[in-house]
Amino acid sequence: MSNQENFENHINEGYTCKGDYIALGAAMLGEEVYGAASIKIPLKTLNRHGLIAGATGTGKTKTLQILAENLSNKGVPVLLMDLKGDLSGLAQPSPGHPKIDERHKKINIPFEASSFPVEILTLSEQDGTRLRATVSEFGPVLLSRILNVTETQAGILAIIFKYCDDNDYPLVDLADLKKVLQYATGEGRTEIQEQYGSISKTSTGSIIRKIIEIEQQGGDLFFGERSFEINDLMRQDENGRGFINIIRLTDIQDKPKLFSTFMLSLLAEIYSTMPEQGDSDRPELVLFIDEAHLIFKQASNALLDQIENIVKLIRSKGIGLYFVTQNPTDVPDGVLSQLGLKVQHALRAFTAKDRKAIKLTAENYPTSEFYDTTEILTSLGIGEALVSVLDEKGRPTPLAHTMLRAPMSRMDILTPTELKELTSNSNLAEKYNETINKESAFEILNEKIKKAKAEEAKQAAKKDREKLNKRTSSRKSSSNSAQKAIIKVLTSATFIRGALGILNKMLR
Ligand SMILES: Nc1ncnc2c1ncn2[C@@H]1O[C@H](COP(=O)(O)OP(=O)(O)O)[C@@H](O)[C@H]1O
Ligand SMILES: [Mg+2]
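Calculation rules
- Residues numbered from 1 in each chain as written.
- Chains lettered and ligands numbered in written order.
- Predicted model: local features only at pLDDT ≥ 70, side-chain atom pairs only at ≥ 80, totals over all residues.
- Helix = DSSP H or I, 4+ residues; strand = E, 2+ residues; numbered from the N terminus.
- Contact = placed C-beta atoms within 7 Å.
- Domains from an automatic or database assignment.
- Expected span 1.5 Å × (residues − 1).
- Buried ≥ 20, exposed ≤ 12 C-beta atoms within 10 Å, placed from the backbone.
- Pairing = 2+ DSSP bridges.
- Core = buried A, V, L, I, M, F, W, Y, C linked by C-beta atoms within 7 Å.

1. Topic: the environment of Ile382
With respect to the secondary-structure elements, Ile382 resides in the loop between α14 (373-379) and β11 (384-388). Ile382 sits 325 residues away from Gly57 along the chain, and the two C-alpha atoms are 7.4 Å apart. Apart from the residues within four sequence positions on either side, Ile382 is in contact with Thr58 and Gly59.

2. Looking at the domain arrangement of the chain
On domain assignment, one finds that the chain holds domain 1 (3-131 + 237-432) and domain 2 (135-223 + 477-507). Summarising the inter-unit geometry, the C-alpha centres of domain 1 and domain 2 are found 39 Å apart.

3. Focus: helix α5 (residues 151-167)
Between its first and last C-alpha atoms α5 spans 24 Å; for 17 residues at 1.5 Å apiece the expected length is 24 Å, and the two agree. Restricting attention to buried positions, one finds in α5 the residues Gly155, Ile156, Leu157, Ala158, Ile159, Ile160, Phe161, Lys162, Tyr163 and Cys164. Just downstream of α5 lies Asp168, where phi reads positive at about 60°.

4. Focus: the sheet that holds strand β8 (residues 285-289)
Pairing in this open sheet of 12 strands is mixed, and the strands run β2-β1-β12-β11-β10-β3-β9-β8-β4-β7-β5-β6 from one edge to the other. The sheet terminates laterally at β2 (32-42) and β6 (129-130), the two strands that pair on one side only. Note: strand β10 (residues 341-344) against β11, three bridges, orientation antiparallel. Considered in β11, the bridge of Lys342 is made with Ser388.

5. Topic: the pairing of strand β1 (residues 21-29)
Burial within β1 is extensive, with seven of its nine residues counted as buried. Looking at chain direction, β1 and β2 are connected through eight bridges and run antiparallel. Paired with Leu29 across the bridge in β2 is Glu32. Hairpin connection of β1 to β2: two residues between the antiparallel strands, including Gly30 at a positive phi of 65°. Of the strand pairs in this sheet, β1 and strand β12 (residues 400-404) are connected by four bridges, and their pairing is antiparallel. Bridge pairing in β12 links Met28 to His401.

6. Points about the nonpolar core
Nonpolar side chains tend toward joint burial in soluble globular proteins. Counting 135 residues, the largest nonpolar core has Leu80, Ile160, Val180 and Phe288 as its most contacted members. Take this core: its biggest share by element is nine residues, from helix α9 (residues 256-273). A domain-level breakdown of this core finds at least three residues from each of domain 1 (3-131 + 237-432) and domain 2 (135-223 + 477-507). When near neighbours in sequence (up to four residues on either side) are disregarded, Phe288 contacts Leu64, Ala68, Val78, Leu80, Met81, Tyr322 and Val324.

7. A word on unusual backbone geometry
Note the cis peptide between Glu225 and Arg226, where omega equals 0°. In this model, Asn108 sits at a positive phi of 65°, which is unusual for a non-glycine residue. Of note, the phi angle at Asn148 is positive, near 60°, even though the residue is not glycine. Asn148 gets classed as exposed once you count the C-beta atoms within 10 Å, which come to 11.

See the structure below:
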């Protein structure tokens, strides 16, 4: 058998699929493309997570686009974190190009231009469906993280949440939270102190200042009604194609902390909403995180542990997570070791540090008798990658230098007019973009303060009358121990709540 035949057999044996699959492209050996050696990912193992890595301009985002398109065609909904805003083209068909035809002839996959059902989501006031959560849902733990408060201040936030919980004061937006914080050391001081212990004005003052900081960064837009229901990510269009939900995050890419916290809360929410899947033949939802290094940048060890855990656990819910980043070393080892699919685009070897990273990367791939991995890593063409996936039995497939297919949709972004049209035709936007101003903590407390003031005036008048009657009254003193009350709150079952509450329970 010739070396070529040998190679073709080697690939075809490794990439056999009995069930449904996605064809990524065709294997290459040297310059030669083997159209008969197709690189397939079994749909069944797409919940086993993955990594798409490579230097800028090597084709990472297009690989993401290809995967999203093909998942959608198989009826699997997709969620894309679009930090640079370059994925909206999925909503329009590719105009085609002779180079694309040439590519597809080589890889022996017919090319078909197509648009896809796209839903644009936003955390801010940009065009798109608003993605919001209430402060209550977010919970005190995650909120403390975003606000970057001290441990004492985090404890106070926990008390505030508990107080609102106990009294049915909905914490919807940041205005509610600020109001309760002010109330806790103002008009409501005695009431709260009796039940939960004393809270210092200095601490609430610092927390309020930090809330204002987040508000100024635009973080307040994320908090409010109507809060997003995870099930709305799971839609199919009338032709049975999965929706591609694109979260435009261009405006928070310079706020890694906000981004990573948002990510974690979203993952926790998805985790808690989805039922266990068992052995399924396809994923329920696949999430892609472009520019993923931003999540891990500046992340504390505690946060990394949490991410690692949720990556491990969410798989059983049929959710696949795909990280897209320049260098595999951007992803912590604990996460990296859990990734089944690897698509490695070209790396550049400018510096000694680059060369070291390349060596490390090469070691993370299955060895191959056909390739010198280290050498290929720096010489891969654009839209080519070293690929290894998990076969239907969960074993890593042979390493394959792959020429990837081209996206069926537009490789460029939508024009502002196209984007406007897309978002204005969205059913979800209609559901989520109306401003709801239902009664929450802010209004309730204002009303309470008003009533208390009226009551106070009434009492004062009464007292005056009593004075006139020259009667003396003995005052009862409250013997509540503030310290004890705080401990009670911190150990109460409802203390840990909201998205991270669920997460914490899982991690225990
Ligand atoms: N699979 C592909 N098929 C055709 N062209 C591709 C493919 N991948 C990349 N390209 C070309 O390379 C350019 C850069 O790709 P892109 O995915 O944006 O790179 P990255 O995200 O790694 O910076 C694209 O604009 C496109 O012209
Ligand atoms: Mg990119």
